[in-house]
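Residue-level listing of the chains:
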Amino acid sequence: MLLQLLTDRDLALLQDIEQFRLLSTRQIQRLHFGIGHATISAATRGTVRVLGRLETRGFLVRLERRIGGIKHGSSGNVWQLSATGERLLRALRGDGARRRFVEPGAPFTDHTLEVADLAVWLREAAREGRFDLLELDAEPECWREFTASHGGLLWLKPDLYVVTATAAVEEHAFVEVDRGTEHMPAILRKCASYQRYFQTGNEQHRQGIFPAIVWVVPSEQRAAKLRTSIRGDPTLTDTLFRVTSAQNAVTMLTPRDEQPVTERRNHL
């Protein structure tokens, strides 16, 4: 009965919000209303109308916290699935697990939306034909479980796992989105987790390569500081890591055909 209330676009929209956990009105517009409207204003009106309908029918809830304040109007809303929307998608997958939905805090919201924004840019770049987007896994689908040297179980928790491709090259990457709020020792501890996972050989056995570890940071100044810190840590294999500003992130994740690799690019 619930499915009868949804169009194909409605269902795809709900699935995207589930995948990225939170999406803003503007991000939803870019993902699902970027084609078929004469102007951006018309696309915005269409987006707001559809989101309002899904909210009224109980599939979505909007957060109390908005992006950019009142002047941004409806485009400043942030959306997550309601319990009904989540239950519907679980039923379609035959998934018995349940999520508990609460109003997230500001740091979680800001970081989640920045990760989602990078994902939206990647989807748009693929739609424009810059590359094929073969995989785009968000948390927790992109997490990796592995065994530590002492025998205990550990988790590697990237923000995204991305595979882009051209006819000649595939680009595999774990992506970490840094908002500039973490101290450098905390960043290096996360790098050490990647180093430990690399040393297990699990990913190489599964994929044939180890993906690049791409840190996306807010500025070139932050990028330079992180590069220097990684190079200065003798426990890290610095060639595993790349650092880029947010504005150059899509370019960093775009396959570069000039390298003479026919199938997959090896980052070792």
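Residues numbered from 1 in each chain as written. Predicted model: local features only at pLDDT ≥ 70, side-chain atom pairs only at ≥ 80, totals over all residues. Heavy atoms only, no water.

(A) Spatial organisation of the overall build of the chain. Each helix and strand counted, the chain has nine helices and 10 strands in total. Overall size of the chain, expressed as C-alpha extent along the three principal axes, is 55 × 40 × 35 Å. The buried share among the 268 residues of the chain stands at 46%. Across the chain, every contact between residues at least 6 apart in sequence was considered, and the portion connecting residues at least 24 apart equals 65%. Carbon and sulfur atoms form 52% of the exposed surface of the chain, whose accessible area is close to 13800 Å². Taken as two groups, the 36 positive and 33 negative side-chain charges of the chain have centres that lie 5 Å from each other. (Helix = DSSP H or I, 4+ residues; strand = E, 2+ residues; numbered from the N terminus. Buried < 20%, exposed > 50% of the residue type's maximum accessible area, 1.4 Å probe, protein only. Contact = heavy atoms within 4.5 Å. Areas by Shrake-Rupley, 256 points an atom, 1.4 Å probe, with all protein chains shown as cover. Lys, Arg positive; Asp, Glu negative; His and termini not counted. Charge placed at Lys NZ, Arg CZ, Asp CG, Glu CD.)

(B) Inspection of unusual backbone geometry at higher detail. For the bond running from Glu139 to Pro140, omega is 0°, close enough to zero to count as cis. Along the chain, Pro140 falls in the loop between β4 (132-138) and β5 (144-147). Positioned with a positive phi, Arg21 is a non-glycine residue whose angle comes to about 75°. Take Arg21: it is sitting in the loop between α1 (8-20) and β1 (23-24).

(C) Representation of the pattern of salt bridges within the structure. In total, this model carries 17 salt bridges according to the counting rule given. Where Arg65 meets Asp110, a salt bridge forms, and the shortest distance between an N and an O atom there is 2.9 Å. Of this pair, Arg65 sits in the loop between β2 (60-62) and β3 (78-81) while Asp110 sits in helix α5 (residues 106-127), and the two are 45 residues apart along the sequence. Under the relative-accessibility criterion, Arg65 is labelled partly exposed at 34%. The partner of Arg179 in a salt bridge is Asp110, with the nearest N and O atoms 3.8 Å apart. (Salt bridge = Lys/Arg side-chain N within 4 Å of Asp/Glu carboxyl O.)

(D) Fine view of the nonpolar core. One finds Leu13, Leu60, Leu118, Leu160 and Val175 to be the most contacted residues of the largest nonpolar core, which totals 42 residues. Looking at this core, the element that brings in the most residues is α5, giving seven residues. Once residues lying within four places of it in the same chain are set aside, the contact partners of Leu60 are Leu13, Leu14, Ile17, Leu51, Leu54, Glu55, Trp79, Gln80, Leu81 and Ser82. Formed by 24 residues, the second largest nonpolar core is a distinct cluster that contains Cys142, Leu188, Tyr194 and Phe198. (Core = buried A, V, L, I, M, F, W, Y, C linked by side-chain atoms within 4.5 Å.)

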